[in-house]
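# Survey of secondary and tertiary structure
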Amino acid sequence: MVLIVVLIFFVLVPAAAAAALAYGLARLQPGWSLRRRTVVAMLASGLVPIALPIFGVLTNSPGSEAIAAMLALLVAGLVVAIVIGLPVALALGRRLAPPPADVSAFD
C-alpha cells in the first residue's frame, strides 16, 4: 500500500502537474519559447511533491538538521523534475507548439 502511495505522490502528481503547466503555458504564453515553457513546467512540477515535506521539516527540525534535510529534499525535487517532469512537459509542449511559418508563403 505504501508503494502505491509513493508511486502516486512522486510519479503521477508531478507528471500531471507538468502536463497541466505545459498546456497552460502553451495557451497563456504563446510568445515564450518552447525551452522556457518546458523549464518552468518542469521545475514547478518537481517542487509540487516536495513542498509539504519542506514545510514539515521547517516546522519540526532545529538548526543544521533542517538545512541538511531541506537540501536533500530540494535535490530529490530536482531529480523528480528532471526524470518525470521534463519528458512530460517537453512532449506536451512540442505537441502544442504552433507549426513553423512557411518561408515561401510570401515569395
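Description of the structure in this document. Predicted, not measured: the structure shown is a model, and the values here were computed from it. (Residues numbered from 1 in each chain as written. Predicted model: local features only at pLDDT ≥ 70, side-chain atom pairs only at ≥ 80, totals over all residues. Heavy atoms only, no water.)

A separate point is helix H3 (residues 63-96). Helix length check: H3 (34 residues) gives 46 Å between terminal C-alpha atoms against 50 Å at 1.5 Å per residue, within 8%. Considering bend angle alone, the principal kink of H3 is centred on Gly85 and spans about 45°; proline Pro87 follows within four residues of it. Of the positions making up H3, those classed as buried are Ala66, Leu73, Gly77, Val80, Ala81, Ile84, Gly85, Ala89, Leu92, Gly93 and Leu96. Contact partners of the buried residues in H3: helix H1 (2-28) and helix H2 (34-60). (Helix = DSSP H or I, 4+ residues; strand = E, 2+ residues; numbered from the N terminus. Expected span 1.5 Å × (residues − 1). Bend = angle between axes of the 7 residues up to and from the residue. Buried < 20%, exposed > 50% of the residue type's maximum accessible area, 1.4 Å probe, protein only. Contact = heavy atoms within 4.5 Å.)

The subject of this paragraph is the environment of Pro30. Locating Pro30 in the fold gives a position in the loop between H1 and H2. Given the relative accessible area of 57%, Pro30 is considered exposed. Taking the C-alpha atoms as reference, Pro30 lies 34 Å from Leu71; in sequence the two are 41 residues apart. In this view, Pro30 contacts Leu25 and Arg37; residues no more than four positions away in its chain are not counted.

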